[in-house]
Amino acid sequence: MRYVAIGDSFTEGVGDERPDGSVRGWADLVAQGLADATGEPIEYANLAIRGRLLGPIIAEQIEPALALGPTLVSFNGGGNDMLRPGTDLESVIAQTDAALRRIQASGAEPLLLAGANPTVGLPNGARISAKGAELVAAAGVTAAELGLRYTDNWSDPTLAQRQYWSHDRLHLAPVGHHRVATNVLRTLGHDAPADWMIDADPVAKPTFREELAFARQHVAPWIKRRLTGKSSGDGRTAKYPGWVRVFPRG
């Protein structure tokens, strides 16, 4: 199997940081889970870069991904578009459909993912949740029309709980990434490794002081980047632009 993951910070693995500051994330975990489940090495690449809108994901990642000759391509995008005011939902839906058809036409299998729902801890969460629900519904229709496998993490009620998210509330914590990887492996017909931790104890609702600290540390920098036209992914490159071999454990 030759598996390529494309997308934004969700697929890059932000929130699941290693001690050296690099990130792992659900796609890395899926590659390991596939190797363990099949008992064979997996060729794996990850072209995702944090902060990317859907248009740049498609323009910058799909053709390089297909040039590698993959058998499986996981696709997720539109989360950053959804967070911005005035999201053109029809455009996001149309671009997603076209991207999946391009992958399918190459002979690789597209695997469509919906990201998890982060809105429990975000300002204007209800408005973002409504947009997300519309995009997820459209993704389900597209997957059915094209006959694709589809992992709908948005509709996983467990992942919508606070304890599965990192301190910035936009990116999954390690346990959340493991749970997404479990959902993906199930979609692909495999069980997750028995040693994965996919459950977390509940956490209390943030206090007023904690909310102020969150706004200062995370919301204000996000707004500044939007106003200045900067992205958290500026200057970054894909962590695995070519094949790395993932071996079965044990």
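Residues numbered from 1 in each chain as written. Predicted model: local features only at pLDDT ≥ 70, side-chain atom pairs only at ≥ 80, totals over all residues. Heavy atoms only, no water.

1. Overview of the pattern of salt bridges
Overall, the coordinates contain 14 salt bridges when judged by the stated rule. Residue Lys239 is joined to Asp28 by a salt bridge in which the shortest nitrogen-to-oxygen separation is 3.0 Å. Here Lys239 is found in the loop between helix 8 (208-228) and strand 6 (240-246), whereas its partner Asp28 is found in helix 2 (residues 26-38), with 211 residues between them in sequence. Looking at Asp28, the relative accessible area reads 10%, which means it is buried. The residue Glu60 makes a salt bridge to Arg52 at a minimum N-O spacing of 3.0 Å. Residue Glu60 is classed as partly exposed on the basis of its relative accessible area of 41%. Through salt bridges with shared partners, a single network forms among Arg18, Asp28 and Lys239. (Salt bridge = Lys/Arg side-chain N within 4 Å of Asp/Glu carboxyl O. Helix = DSSP H or I, 4+ residues; strand = E, 2+ residues; numbered from the N terminus. Buried < 20%, exposed > 50% of the residue type's maximum accessible area, 1.4 Å probe, protein only.)

2. Structural notes on the nonpolar core
Grouped together as the largest cluster of nonpolar side chains are 32 residues, with contacts concentrated most on Ile6, Ile62, Phe75, Ile103, Leu112 and Tyr150. It is helix 6 (residues 125-146) that contributes the most residues to this core, 6 residues altogether. Every residue in contact with Ile62, bar those within four places of it in the chain, is listed here: Ile6, Ile57, Phe75, Ala99, Arg102 and Ile103. Ala5, Leu159, Leu172 and Val246 belong to the second-largest nonpolar core, a separate cluster that totals 29 residues. (Core = buried A, V, L, I, M, F, W, Y, C linked by side-chain atoms within 4.5 Å. Contact = heavy atoms within 4.5 Å.)

3. Remarks on the sheet that holds strand 1 (residues 2-6)
Pairing within the open sheet is mixed, and its 6 strands lie in the order 5-4-3-1-2-6. With partners counted over all chains shown, the strands left at the sheet margins are strand 5 (149-152) and strand 6, one partner each. Ignoring strand direction, the axes of neighbouring strands in this sheet form an average angle of 20 degrees. Strands in contact with helix 3 (residues 54-67) are strand 1 and strand 3 (72-75); relative to strand 3, the strand with the most contacts, it is inclined by about 170 degrees. Taken strand by strand, helix 6 contacts strand 4 (109-114) and strand 5, and its axis lies near 165 degrees from that of strand 5. (Pairing = 2+ DSSP bridges. Axes fitted to C-alpha atoms, helices over the stretch in contact; angles between N-to-C directions.)

4. Considerations on the packing of helix 2 against helix 7 (residues 174-187)
At a closest axis distance of 8 Å, the pairing of helix 2 and helix 7 adopts a crossing angle of 50 degrees. Judged by the inter-axis angle, helix 2 sits oblique to helix 7. The two elements helix 2 and helix 7 meet at a crossing, and its hand is right-handed. Along the contact surface, helix 2 presents Trp26, Leu29, Val30, Gly33 and Leu34, while helix 7 presents His177, His178, Val180, Ala181, Val184 and Leu185. (Parallel < 35°, antiparallel > 145°, perpendicular 65-115°, else oblique. Left-handed = near helix turned anticlockwise from the far one by under 90°.)

5. Quick look at the packing of aromatic side chains
All told, the structure shown has 3 aromatic pairs when counted by the stated rule. A ring pair is formed by Tyr44 and Tyr240, whose centres lie 5.8 Å apart and whose planes are at 65 degrees; its orientation type is edge-to-face. On the criterion of sequence distance, the pair formed by Tyr44 in strand 2 (residues 42-46) and Tyr240 in strand 6 is long-range, its members being 196 residues apart. Over the ring of Phe214 we find Arg169; its NZ or CZ atom is 3.7 Å from the centre of that ring. (Phe/Tyr/Trp six-rings, centres within 6.5 Å; stacked < 30°, edge-to-face > 60°. Lys NZ or Arg CZ within 6 Å of the ring centre and 35° of its normal.)

6. Some details on the pairing of strand 5
On a regular strand, one side chain projects to one face of the sheet and the next to the other, so that they alternate. Across 4 bridges, strand 4 lies against strand 5 in parallel orientation. Looking across to strand 5, one finds that Leu113 is bridged to Thr151. Following the backbone out of strand 4, through helix 6 and into the adjacent parallel strand 5, one traces a crossover that is right-handed. (Right-handed = clockwise from strand over helix to strand, strands pointing away.)

7. Focus on the side chain of Thr158
Relative to the elements of secondary structure, Thr158 occurs in the loop between strand 5 and helix 7. Excluding anything up to four places from it in sequence, Thr158 contacts Tyr164 and Arg179.

8. Details of the side chain of His178
Turning to its location among the elements, His178 is positioned in helix 7. For His178, a relative accessible area of 11% translates into the label buried. Here His178 is in contact with Arg24, Leu29, Trp196, Met197 and Ile198, once residues within four sequence places are set aside.

9. Structural notes on the packing of helix 5 (residues 89-105) against helix 6
Running from amino to carboxyl end, helix 5 crosses helix 6 at an angle of 30 degrees, the nearest separation of the two axes being 10 Å. When the interaxial angle is binned, helix 5 and helix 6 end up roughly parallel. Relative to helix 6, the crossing made by helix 5 is right-handed. Counted together, Leu89, Val92, Ile93, Asp97, Leu100, Arg101 and Gln104 of helix 5 and Lys131, Glu134, Leu135, Ala138, Thr142 and Leu146 of helix 6 form the full contact between these two elements. Here the contact of helix 5 with helix 6 is built from residues that sort into 7 nonpolar, 2 polar and 4 charged. (Nonpolar A, V, L, I, M, F, W, Y, C, P; charged D, E, K, R; others polar.)

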